[in-house]
Structures are given as structure tokens and as C-alpha cells.
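# Secondary and tertiary structure notes
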Amino acid sequence: MVSQEQVRRAARLRDEIRFHEYRYYVLDSPAIPDAEYDKLFQELQALEEQYPELHRPDSPTQRVGGKPLEMFQPVLHAVPMLSIRTETDISDQGAVAFDTRVRKELGLGESDLPVEYVCELKFDGLAINLRYEEGVLVQAATRGDGETGEDVTQNVKHAIRQIPLLLEGGRPSVVEVRGEIYMRRDDFEDYNEKQRELGLPTLVNPRNGAAGSIRQLDPALAARRPLKFFAYGLGEKVQGWDWRATHKEVLDQLDAWGFPVNREHRVVQGAQGLVEFHRDIAIKRDSLPFDIDGVVYKVNSLALQERLGFVSREPRWAVAHKFPAEEQLTVVRDIDIQVGRTGKLTPVAKLEPVFVGGTTVSNATLHNEDETRRKDVRIGDTVIVRRAGDVIPEVVAVVLDRRPAEVGEPFDLSKRLEGKCPVCGSAIVREEGEADWRCTGGLFCPAQRKQALLHFAGRRALDIEGLGDKLVEQLVDMQLVHTPADIYTLGMIALADLERMGEKSALNLIAAIDQSKYTTLARFIYALGIRNVGETTAKDLARHFGSLDKLIAADEERLQQVPDVGPIVAQSITAFFGEPHNREVIAQLRAAGMQWPEQEGEMVRELPLSGKTFVLTGTLPTMSREEAKEKLEALGAKVAGSVSKKTDYVVAGAEAGSKLDKARELNVPVLDETGLINMVGRARPDTAGKARPTEGEQE
Ligand code: IVH
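Residues numbered from 1 in each chain as written. Predicted model: local features only at pLDDT ≥ 70, side-chain atom pairs only at ≥ 80, totals over all residues. Heavy atoms only, no water.

Bringing the packing of aromatic side chains into the picture now. Under the definition given, this model contains 15 aromatic pairs. Relative to Y297, the ring of F98 lies with its centre 6.2 Å away and its plane at 25°, an arrangement referred to as stacked. Taken as a pair, F98 in helix α3 (residues 93-105) and Y297 in strand β10 (residues 292-299) lie far apart in primary sequence, 199 residues in all. Taken together, F123, Y182, F230 and F290 form an aromatic cluster joined through their ring pairs. (Phe/Tyr/Trp six-rings, centres within 6.5 Å; stacked < 30°, edge-to-face > 60°. Helix = DSSP H or I, 4+ residues; strand = E, 2+ residues; numbered from the N terminus.)

Okay, structure coming up:
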């Protein structure tokens, strides 16, 4: 027989575990170490196992150990799950049109006050209805056709710890909470990475990942997927809800019950407020940790919502206002292979032009041979193309259902090129452990020469205005320029022969070339185009050595004393300067008058955080990620992208995901923003001359 003492103990354990789950999964600010939590959980499990009468459907232990289902049971929704009208117009106009319609329906004239709205994000996941009876989660159902969905209670309990099994503070007789199940982008990438390592299938995108996971029949499999949840509304409501006059109050209530409610929502007045929200979120979109496909506007007053009602199964009081889609379907016409500055051969899909991420895209990178094969992209395939922000468009996946009967062969880079560089005919190689094939032609290869010259003259290197694509193309094709040093011997006569080159532009170009002779050591090092040496590394090298000759003389060991320079970078540097041809070009450049101030160098100076590695995750309350990174780096710390045993600290903000989990797993100290500020100080570091922009594309 179970004792009163044990009944009380079980109840107390459930409360405590629930509290810690809320802190961990929803607030992202754990109150106790994982091991302590595990102890509580195991104690409760043991008690419940010993005394089955202690079992409760809302016990945290109900989240583990479910059995695979045969099929999902249909669920008739108490209140239909409607869709919302989409303003396809992606300009401001969508917001204005919605406000105009609402005002007209409500019979408001020009002299009437603006309508109050709540603006929210439109999460790109899977809609779900969560039914609570007496405060206990009794059923989770997908939207289905809006009338009838599928019962996915088991999966929701197992896979989404952010969804409470018991409502916090009060037990309404019946309430249905609606929201979106989604997957964070970093979690999606980590998951795919792991799957790849195991040789298992990967997910196409976070949305399919979320939807597919919830419809897994085996809850153990669903639980392996990193799913998250945001609540945004109600289905069936309890009696006595009259005091909640606005949608904003509903959101606050959802928060009080223990649901994650996205903080990026705003109460605004009139069309102008909607337009501002749409614009603000468009700017933030790519820095959000999850995908959204637009924003949603809702009339705030519940009374007005009721008055507006519905039309053809869509509410008149809400609208979705989209952003340009970041993914689109299109067809691969051909696969080209491009030669980069250091000879890297990149397969590029030539696409049926498609409007994606706000521009027309007709080329998308396939990264390298392995990626192309892994995705099995073939000529004729229909593919998903993604272009987010300023990132180069890429082919995400093939839609196999649409593969035509006559499709190209599996991609084989070397076979396709018959082992030769498509530009210069030199042999191509792929070294062991390398993902890329390379042309061995070096600067003999016109493609590499062109890229090297463009890099040399680029804005972040020697910044020679006017020396762009077209000109470099001609200079190389007409054999006027072989190495960067040849640029400095170009005269009016040679330039006069070029297409579209008037006397004025020739003079300007010569002046720009002349000007570029006076530069900095960091720019010069970067301009050389040494493999694996980006702008940041070039700056570090310049600061460390102070003079070019010291850099040239350094061996690999010496080079590795520079912050962030590891064996691979060190090897690339010694290989570059070991090449007689490269030293010859440097001598010619110096002879042409190229100069920069040289200094002592900081070879021994230590910064306060030198040698420390940080990882940033989630959104900090006041500091942007860039700002945090800049501060840390200015003090000598290294900011890495993933957590490992070598990580010294993880700085975690709101909605931190798997990186935080990893930090806990590895016992890496976790700092919040205050902790970070204590460490780096509030003042902006003096970054003059050593600001570290994100590293440019490096090969
Ligand atoms: S409210 C009656 N709010 O968009 C209004 N929906 O067609 C019901 N969605 O698949 C929807 N973010 O899952 C609402 N903040 C948000 C949303 C949102 C995403 C999805 C929803 C459904 C579709 C609406």
C-alpha cells in the first residue's frame, strides 16, 4: 500500500520537475544542474513504478516510453481550425489594404480613431490544437482539413517539452490552445549533420522536419527530432472568459499558463503600425533562429473580432502578410563547373530562372562533388532552391517525385571534365581528406589568374576602382596581364586598345592603380590571395609580425603562435611563400613602388581573453550577436560556431537551442548577457583599425 507520505512526495516531485522543465525548455534558464533534475525524475519514475496508483496523465514521466502506433486516430475539432487570408502583395500595400477592409466592414469613417491590432510572426511550421481539460493536456491534434485532424497526443508529449502537460496557475474546465510546432534552423542543421554521420536520411527543410516528425508513428523517433512550439491563439474557450477583452490579453494568458509565446509581437494602431512591423521584421528575418514566411495581423479587440466574423472559412479580422519566399522549385538545365581563385572547382546548377528571396536566380551553387552526389542532383531534376538574405543561392534538395524518365547521370566531376580543368586543360586533383577538386594550373590557368587579379584589386584588398570583371577578362585574354605586378606596368597605349575604354576612364584607372601602391600591410597580405587567409587572418598576421619579411621568414610553428592560425592556415602560408614564383611577384610589386608602413609587431602581446574560445547562441536581450562577437574578439577571444570540449564559455540568450544543450552535456560554463558584460565590460572596445568584419568567402 502506498503511504500518505509517498503520495505527497510524488505530488511534490511532479511540481518540482514541472517547474524545472519550464525553466529549462521555455525560459531557457535552468535553475538546477541536469544531474539534479535527472535525480528527481528517476525518483518519481521509481515511485510510480512501485505504486501504479500514483500514475497521473499529467505526470512528467508520461513524456517517455510510448509505444509505436498503428495509425493516427481522427479528431473532430470542437472549433474548426480555419486558415487565414494571405495578402500575396509583399509590399507595404498588403497592410494598408487589410486596414482599409477592416475599417470599411466596421463602418469607420476618416474622423474615427485608428483600429488597434496585434502583429505577430507567421511561423513556418505545423499548426496544432492542444486540448486541456481541468488543466491537463488530454489531446493534441493536427489541423488536417480544418474540420478533422489527427490525434498526435503521444508524439507531442514525447517530443515537445515546451508544451506543458499541466497548465500553470488554475485549472479551467476546458480550454484549447493553438499554435505552431516548428524546428529551429540550427537544430535542423545539427540533426541533419548527425543523420549524415550515421548514413541516415536527412530532412529537406525545417518545416518538413517539423511536420514529418509529428506524423511519425513511433514516438521514440519523433522525440529524436528537435521540435519547438509557439502558442498564438485559442480554440474552444472556457466559460467566463469575458474579462479578456483583447487578443493581447489572450497571449499574456497563454504565457502565464506556461506556453512559449514569441516575444516578437507588438500592439499597434492603424495601417501605419502594421507597415512598420512588416518592415522591421523583414530586416530581422534572417537573424531569427527559425523560418517565418511573413507576419500576421489580428484585430486586437475580441468584441470587434466577433463583429467582423468570417467569410468563406477565413476570419475577416486576421490576415497573413507574406515576405518573398526564400525557397522555390525550379528545374536544373545544366551543371557547370567554375574555377575559383585558388583553382577550386565548384559545380553550379544552371537553372530555369526563378524568383526567390526577392530576385531572379538562374545559378545556384552545389558546393562540391560530395554535396552534389549526396543530394543526387542531376540535369533535368526539379530542385528546391534557397536564397536567404545575401547568401549565395543554393540547391537544397531534389524533388524525387518529379524526376523525369530521361534524367542525367549521377554527378561525377572528374568524369565530366575528363580529368582536365575546363578553362586551361591542366590536370585536376582531389587530395585525400579534401572536399574539393582543384585545377593544378595555378596562375597559368586564365580562370585562376582572372580571379586572383579581381581579388587583388578588390575593395577589401588593394581597392583599385575601375578594375572589374570585364576589364580583367580582357587584360588576361589579350595577354596584357599575367600577374598582379603587370598591372603596374600598364600604360595608356595598352589600355587604349581595350574595348569600351575611353581616354578619361583610362586616365582614371591609371590614377587608381598608382594610388593603390600606398597601402597597409594587412591589405597587401590579404591581396596576395593566400589560400585560407581571409581578411581577419591577414589583419592578425600584419599585427603580429609587423613586417612582410618577418612573415615570409616565419616557419609553421612560428605562424601558429598567431591567434586563430592553426596548422592548416600555417601550412598554406609557408606553401605560398615557398613558391619561387610568388616571391618573384612580390619582388616585382615592391619594385613597382608598392609600400606600406611597417612596425615592430605585437608578437608577444597577450590580450585579456587570448586563447579563450566562446560560442554565442540565442538572442541576447540588448546586445546583437555581432556586437558581442566584436567585443570578445577585441579582447583576444576566439568566437567559434559550435560547442566542443575546447569551448571555454557559451553565451546563451533567449531561444538558445542545441548549442546550449551541448554546453550542458559537456559541462561548459554558460553565461547570460550580464555575465558576458561582466567579462568584457560595458564600454565599446576600441576597435579602431582592428574591427573584425565577418570573414569574407575563403577558399
Ligand atoms: S492565427 C483564425 N497566428 O498560418 C486564425 N496563424 O492559415 C488562425 N500561422 O497554418 C491562425 N503563425 O498555423 C495564426 N502567429 C500566427 C501564425 C499562424 C503561423 C499558421 C497557422 C496556419 C496558417 C493560417
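Picking up where we left off.
At D376, a position not held by glycine, the phi torsion is positive, near 50°. With respect to the helices and strands, the residue D376 is situated in the loop between α11 (369-375) and β17 (382-386). The class of D376 is partly exposed, set by a relative accessible area of 22%. Within the chain, R500 stands out as a residue other than glycine whose phi angle is a positive 50°. On the secondary structure map, R500 appears in the loop between α16 (492-496) and α17 (503-515). According to the relative accessible area criterion, R500 is exposed, its value standing at 71%. (Buried < 20%, exposed > 50% of the residue type's maximum accessible area, 1.4 Å probe, protein only.)

So, on to the packing of helix α13 (residues 446-457) against helix α14 (residues 469-477). At a closest axis distance of 10 Å, the pairing of α13 and α14 adopts a crossing angle of 135°. The pairing of α13 with α14 is recorded here as oblique in orientation. The interaxial crossing formed by α13 with α14 has right-handed handedness. Along its contact with α13, which presents P446, R449, K450, L453 and L454, the element α14 presents D469, V472, E473, V476 and D477. (Axes fitted to C-alpha atoms, helices over the stretch in contact; angles between N-to-C directions. Parallel < 35°, antiparallel > 145°, perpendicular 65-115°, else oblique. Left-handed = near helix turned anticlockwise from the far one by under 90°. Contact = heavy atoms within 4.5 Å.)

On to the pairing of β17. The element β17 is extensively covered by neighbouring structure, given that five of its five residues are classed as buried. Here β17 shows no split at all, with T382, I384 and R386 on one side and V383 and V385 on the other all buried. Sheet analysis places β17 next to strand β18 (residues 394-398), joined by four bridges and oriented antiparallel. Considered in β18, the bridge of I384 is made with A397. (Pairing = 2+ DSSP bridges.)

It is worth spelling out the side chain of E535 at this point. With respect to the helices and strands, E535 occurs in helix α19 (residues 535-545). Of note is the side chain of E535, whose polar atom sits 2.3 Å from the side chain of R460. (Polar contact = N/O pair within 3.5 Å; in protein donor to acceptor, adjacent residues only side chain to side chain.)

The predicted coordinates ought not to be read in detail in places where the model reports low pLDDT. Overall, the prediction assigns the protein a mean pLDDT of 89, with 96% of residues at 70 or greater. This stretch, residues 683-699, has a pLDDT under 50; its non-local contacts, to residues over four places away or in other chains, come to 39 contacts. (pLDDT = per-residue confidence, 0-100.)

Before going further, it helps to spend a moment on the sheet that holds strand β7 (residues 174-182). Taken in spatial order, the four strands of this open sheet run β5-β4-β7-β8, and their pairing is antiparallel. This sheet does not close on itself; its edge strands, each paired only once, are β5 (136-142) and β8 (228-234). Each strand axis lies, on average, 30° off the axis of its neighbour in the sheet, ignoring direction. Here β7 pairs with β8 via six bridges, running antiparallel. Looking across to β8, one finds that I181 is bridged to F229.

What follows deals with the pattern of salt bridges. Overall, the coordinates contain 53 salt bridges when judged by the stated rule. Here R215 ties to E150 by a salt bridge, and the two come within 2.7 Å at their closest N and O atoms. Residue R215 is found in the loop between α6 (206-214) and α7 (219-224), and its partner E150 is found in strand β6 (residues 148-150); the two are separated by 65 residues along the sequence. By relative accessible area, which is 23% here, E150 ends up partly exposed. Close ionic contact of R178 with E176 constitutes a salt bridge, the shortest N to O distance being 3.8 Å. Here the residues in one salt-bridge network are R185, E189, R285, D291, E326, E327 and R386, joined through shared partners. (Salt bridge = Lys/Arg side-chain N within 4 Å of Asp/Glu carboxyl O.)

A few words on the site of the ligand. Neighbouring the ligand are the residues S83, I84, E120, L121, K122, F123, A127, E180, Y232, V296, K298 and P315. One of the side-chain N or O atoms of E180 is found 2.3 Å from an oxygen atom in the ligand. A distance of 3.0 Å is found between a nitrogen atom of the ligand and a side-chain nitrogen or oxygen belonging to K298. Coverage of the ligand by the protein amounts to 86% of the 520 Å² it exposes when considered alone. Those elements that provide at least two residues to the shell around the ligand are β3 (116-123) and β10. (Near = heavy atom within 4 Å. Areas by Shrake-Rupley, 256 points an atom, 1.4 Å probe, with all protein chains shown as cover.)

Moving on: the nonpolar core. If you look at the biggest cluster of nonpolar residues, it comprises 52 residues, and the most contacted ones within it are I525 and L541. Looking at which element gives the most residues to this core, the answer is helix α18 (residues 521-527), with six residues. Once residues lying within four places of it in the same chain are set aside, the contact partners of L541 are I525, V533, G546, L551, L559, V562, V565 and I573. Grouped together as the second largest cluster of nonpolar side chains are 36 residues, I128, L130, L167 and Y191 included. (Core = buried A, V, L, I, M, F, W, Y, C linked by side-chain atoms within 4.5 Å.)

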